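# Observations on chain architecture
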Amino acid sequence: MSRWALLLLLALVWPAAATTLSETAFRQLERAQALLAEGDARAANELLEARFARAEHDSERALIRQVQGFALAAVPDNRAAIQRLQQALDYGQLPEPAALQSRLALGQLLYVEGQMPGAIEVLTAYLTQAGDLAVVEAQVMLASAHVAAKQYRQARAPLAAAMARRETPPLGWLELQLAVDYGLEAWSAAAETLLTLVSRAPESRPYWEQLSGVYHELGQQPQALAVLALAHRHGLIAEPRALRNLAQLYRALGVPYKAGELLTAALDARQIEADAPLLDSLADAWIEAREYDRAVRTLTRRLGLQDTAAARLRLAQVHVQRHDWAAVMDTLGRETQRLDGDAALLLGMAAYEQNDRALAQRAFERARADAGQRRAAEQWLRYLAGTRA
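Thresholds applied
Residues numbered from 1 in each chain as written. Predicted model: local features only at pLDDT ≥ 70, side-chain atom pairs only at ≥ 80, totals over all residues. Heavy atoms only, no water. Helix = DSSP H or I, 4+ residues; strand = E, 2+ residues; numbered from the N terminus. Rg over C-alpha atoms; globule rule 2.2 N^0.38 Å. Buried < 20%, exposed > 50% of the residue type's maximum accessible area, 1.4 Å probe, protein only. Contact = heavy atoms within 4.5 Å. Areas by Shrake-Rupley, 256 points an atom, 1.4 Å probe, with all protein chains shown as cover. Lys, Arg positive; Asp, Glu negative; His and termini not counted. Charge placed at Lys NZ, Arg CZ, Asp CG, Glu CD. Axes fitted to C-alpha atoms, helices over the stretch in contact; angles between N-to-C directions. Parallel < 35°, antiparallel > 145°, perpendicular 65-115°, else oblique. Left-handed = near helix turned anticlockwise from the far one by under 90°. Nonpolar A, V, L, I, M, F, W, Y, C, P; charged D, E, K, R; others polar. Phe/Tyr/Trp six-rings, centres within 6.5 Å; stacked < 30°, edge-to-face > 60°. Lys NZ or Arg CZ within 6 Å of the ring centre and 35° of its normal. Salt bridge = Lys/Arg side-chain N within 4 Å of Asp/Glu carboxyl O. Polar contact = N/O pair within 3.5 Å; in protein donor to acceptor, adjacent residues only side chain to side chain. pLDDT = per-residue confidence, 0-100. Core = buried A, V, L, I, M, F, W, Y, C linked by side-chain atoms within 4.5 Å. Expected span 1.5 Å × (residues − 1).

With that out of the way, let us pick up the overall build of the protein chain. From N to C terminus, the protein chain includes 22 helices and 0 strands. A globule of 389 residues ought to have a C-alpha radius of gyration of about 21 Å, yet the protein chain, at 37 Å, is considerably larger. Each of the three principal axes of the protein chain carries a C-alpha extent, and together these read 130 × 35 × 35 Å. Counting the 389 residues in the protein chain, one finds 47% classified as buried. Counted over contacts in the protein chain with a minimum sequence separation of 6, partners at least 24 positions apart contribute 47%. Surface summary for the protein chain: the accessible area is close to 19,500 Å², and the carbon and sulfur share equals 49%. For the protein chain, the distance from the average position of its 42 positive side-chain charges to the average position of its 45 negative side-chain charges is 7 Å.

This part covers the packing of helix α14 (residues 240-252) against helix α15 (residues 256-268). Two numbers describe how α14 lies on α15: the axes approach to 7 Å, and their chain directions differ by 160 degrees. The orientation of α14 relative to α15 falls into the category roughly antiparallel. Crossing angle aside, the handedness with which α14 passes α15 is left-handed. Residues Leu243, Leu246, Ala247, Tyr250 and Arg251 of α14 form the contact with α15, whose own contacting residues are Pro256, Lys258, Ala259, Leu262, Leu263 and Ala266. Here the contact of α14 with α15 is composed, by residue class, of 9 nonpolar, no polar and 2 charged.

The next point concerns the packing of aromatic side chains. For any pair of aromatic rings, the description consists of the separation of the ring centres together with the inter-plane angle of the planes. Tallying each qualifying case throughout the model produces 6 aromatic pairs. Across the ring face of phenylalanine 52, the terminal group of arginine 65 is positioned such that the distance to the ring centre comes to 3.5 Å.

With respect to the helices and strands, glycine 235 occurs in the loop between α13 (221-233) and α14. The exposure class of glycine 235 is exposed, given its relative accessible area of 53%. When the C-alpha positions of glycine 235 and histidine 146 are compared, they lie 36 Å apart, and in sequence the two are 89 residues distant.

This brings us to the packing of helix α7 (residues 116-130) against helix α8 (residues 136-148). Contact geometry for α7 and α8: axes closest at 9 Å, N-to-C directions at 150 degrees. Overall, the two elements α7 and α8 adopt an arrangement that is roughly antiparallel. The crossing of α7 and α8 is left-handed. For the pair formed by α7 and α8, the contact residues are Met116, Ile120, Leu123, Thr124, Tyr126 and Leu127 on the first element and Ala138, Gln139, Met141, Leu142, Ala145, His146 and Ala148 on the second. Looking at the contact of α7 with α8 residue by residue, the classes come out as 10 nonpolar, 3 polar and no charged.

Below, the discussion takes up the pattern of salt bridges. The full count for this structure, using the stated rule, is 20 salt bridges. For arginine 79, the salt bridge is made with glutamate 113, and the minimal N-O distance between the two is 3.5 Å. A residue pair is termed long-range when its members are at least 10 positions apart, and arginine 79 in helix α5 (residues 78-90) and glutamate 113 in the loop between α6 (96-112) and α7 qualify at 34 residues. With relative accessibility at 63%, the residue arginine 79 sits in the exposed group. Here glutamate 261 and lysine 258 are joined by a salt bridge, their closest N and O atoms 4.0 Å apart. Placement of the pair is glutamate 261 and lysine 258 together in helix α15, with a separation of 3 residues, close to one helical turn. Among the charged side chains, a salt-bridge network with shared partners connects Arg251, Asp280, Asp284, Glu288, Arg302 and Arg314.

Before going further, it helps to spend a moment on the side chain of arginine 302. Here arginine 302 lies in helix α17 (residues 292-305). Of note is the side chain of arginine 302, whose polar atom sits 2.9 Å from the side chain of aspartate 280. Those residues in contact with arginine 302, other than ones at most four positions away along the chain, are Ala276, Leu279, Asp280 and Ala311.

A separate point is the confidence of the model for the protein chain. Across the protein chain, the average pLDDT comes to 89, with 94% of residues at 70 or higher. In the predicted structure, residues 1-11 sits below a pLDDT of 50 and forms 21 contacts with residues beyond four places in sequence or in another chain.

Inspection of the secondary structure assignment puts arginine 314 in helix α18 (residues 309-321). Look past the residues within four positions of arginine 314 in its chain and what remains in contact with it is Asp280, Ala283, Asp284, Ile287 and Leu299.

Let us look at the nonpolar core. In terms of nonpolar packing, the biggest core is built from 59 residues, with Leu211, Tyr250 and Ile272 touching the most fellow members. When sequence neighbours within four positions are dropped, the list of residues in contact with isoleucine 272 reads Pro240, Leu243, Arg244, Leu263, Ala266, Leu267 and Leu278. Core analysis: the next-biggest nonpolar cluster, separate from the first, contains 24 residues, Ala316, Val320, Ala350 and Ala367 among them.

In this structure, proline 76 follows valine 75 across a cis peptide bond, with omega equal to 0 degrees. Backbone geometry places arginine 270, a non-glycine residue, at a positive phi of 60 degrees.

Here the focus is helix α10 (residues 171-183). The end-to-end C-alpha distance of α10 is 18 Å, a good match for the 18 Å that 13 residues give at a rise of 1.5 Å each. Buried within α10 we find Trp173, Leu174, Leu176, Leu178, Val180 and Asp181. Looking one or two places after α10, you find glutamate 185, whose phi comes out positive at around 55 degrees.

As structure tokens, then:
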């Protein structure tokens, strides 16, 4: 609690103190107030504790404990402040304005200390007692305490009451509303809240990503994609993981060309690393978009990273789509014994198209040794035997 907030609270106490305390007690409280104004909360608390031992009646004890509570909150010693404020309220002797401020301060301290059940009880009592005079921050804090306690339904009423008192609620309140929506799995409401957040803070990438995620939960995949695509156009989607996810979403919704363009632009801008999985994903996008020349360039680049049999087979398969049989043979090579069944069958087909019957024969014989390609390889071998006859 700041010194100025403390002095403001003490201003509510002093009228009651002047009418209920003896002159000696009042002077000592004045001295404590002066110490608090100077920022010496510890000395003020010691003085008040000494006076409490000589207090003449419960109304004096209540006022002393209240001032001590405010003083200890300024130290800060929140746990001791909580104890003193609760004692002040327990006497039942505080004037209503002072009691309201004590209850509010007690609720706030309990919330800060993470004592949510106590904070909920005290803040609820404060709001009931204060009625229309309640400060809006208490409504928001009560809602936040309910959310922290995972009591999402109970959070709705105080938060709605706070929202109704502001034409333009702060972003923090809207984020609290979003937490309530998420907790209740109220995805349509969450979408509305996020649309407001996006309109208020369009530069905030998490809001866009959360909105897309909510549309996913609602099964509205085109809207989810549209949200991320718009965020990307605004330059908000730039992290590698987010870019990959957006590309996957484009492909999942049947727009592979946009996925290819997105990943290509990200590679050119060095926003994303050209690792093997990324190049595989880019090649998939170009293949699905039937952009085979681009797929060949991507897979050739990928082959430069990891020259494996699987990578060569995949590149060869794209060459087949282009009917570039010579490129198939160049990619797979002529050493049939090192090929698996799929690659051997593909090499045999390419060799046949290139009129290299000897290589085709060897390749199909190699493919026949693979159980998965045996039937197709035998058909090709019979066909080759028939054409020779």
